[in-house]
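Understanding the architecture of this molecule
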Amino acid sequence: MTIQQWTVEAYNTAKQSENKMHDDTVAQRFGFAGGLVPGVDVMAYMMHLPVARWGRDFLGRGLIEARFLKPVYDGETAAVTAEEKDGVLSIAVESRGQLCATGSASLPAAAPPVSLGDFDAVAPVAERRPVDVTSYQLGKWLGTEPRVWADEAAKAYLADVRETDSVYAREGLGHPGLLQRIMNKVLVDNAILGPWIHVGSRMQLLSAARIGDELTARAKVTGNYEQKGHRFVELDALLVGNGATPVAHCQHIAIYQPREQAAA
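Now for a description of the structure that goes with this document. For clarity, every value in this text was computed on a predicted model and none was experimentally measured.

Parameters and conventions
Residues numbered from 1 in each chain as written. Predicted model: local features only at pLDDT ≥ 70, side-chain atom pairs only at ≥ 80, totals over all residues. Heavy atoms only, no water. Core = buried A, V, L, I, M, F, W, Y, C linked by side-chain atoms within 4.5 Å. Buried < 20%, exposed > 50% of the residue type's maximum accessible area, 1.4 Å probe, protein only. Helix = DSSP H or I, 4+ residues; strand = E, 2+ residues; numbered from the N terminus. Phe/Tyr/Trp six-rings, centres within 6.5 Å; stacked < 30°, edge-to-face > 60°. Pairing = 2+ DSSP bridges.

Residues Tyr136, Met203 and Leu239 are the most contacted members of the largest nonpolar core, which totals 66 residues. Broken down by element, this core gets its largest block of residues, 9 residues, from helix α2 (residues 39-54). In terms of nonpolar packing, the next biggest core, distinct from the first, is built from 10 residues, Met21, Ala27, Ile253 and Ile255 among them.

What follows deals with the packing of aromatic side chains. Evaluation of the coordinates by the stated rule reveals 4 aromatic pairs. Seen in terms of ring centroids, Trp54 and Phe58 are 6.0 Å apart; in terms of plane orientation they differ by 15°. Their pairing is stacked. By relative accessible area, which is 15% here, Trp54 ends up buried. Assessed through its relative accessible area of 0%, Phe58 is described here as buried. A centroid spacing of 6.2 Å and a plane angle of 80° characterise the contact between Phe119 and Trp141, whose relative ring orientation is edge-to-face. Pair noted here: Phe119 is in the loop between β5 (98-106) and β6 (141-143) and Trp141 is in strand β6, with a separation of 22 residues, a long-range link.

Right, let's get into the pairing of strand β10 (residues 230-241). Of all 12 residues that make up β10, 11 are buried, and the element is covered over most of its length. By the bridge criterion, 12 bridges tie strand β9 (residues 214-227) to β10 in an arrangement that is antiparallel. For Val221, the partnering residue across the bridge sits in β10 and is Leu235. Hairpin remark: β9 followed by β10, antiparallel, with 2 residues in the connecting loop; positive phi at Lys228, about 55°. Note: β10 against strand β11 (residues 245-257), 11 bridges, orientation antiparallel. Its bridge partner being in β11, Phe232 is matched across the sheet by Ile255. Here β10 folds back onto β11 in antiparallel fashion, the turn holding 3 residues, of which Asn242 has a positive phi close to 55°.

Encoded structure:
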């Protein structure tokens, strides 16, 4: 069964961010046409169709995975499609005639049990230093500064990711794309990064976050390796609301030191 297509005009929310992979000039050094729309926002586009399919239930216990293959650029049309088979949505994002992201989503019968005690709560580093291989040591626990999106900030986020589903405002819920932003903050809060790229995520939602919740991550480094000249980091994290409620269990993969390429 094919689910209705969701089309958005992509928006680069990170033009002014510390990650200069979202800056046109810097991104072109790495062979891209311009600054990249953040992967976490492309994933937010992808979440629209599972929520359209399963409604609020998905926000409380849904499972979604995404892999980013090609860039999505500011102002370009991004078309999100999904096809359902055996209870699983296969999701694709296309832009500029290219397949930019693939993923899947499903609705487990119940959210899997997760214990807060299995994830160490630590503070982010007291002083960020330029990233190197020791920044994300295998087995190391990493924390984040608390983040809150309340009132106008929550509304602005929905506008930024082109979300029109009324469930968030109607029920006072935070969009799950905000949880992906917290995953990025695990990296940013613990090192000074150069240009870097989010390449994939898996997120099992455990409880619907609410607008204004204080969100933090308890993340363990599960991978740190070189592949084709890029240095990758993999994280396994529990995202926590208000210091007490598990809201998502996430795996996150990023290239934290990309190989530079000549401009295309």
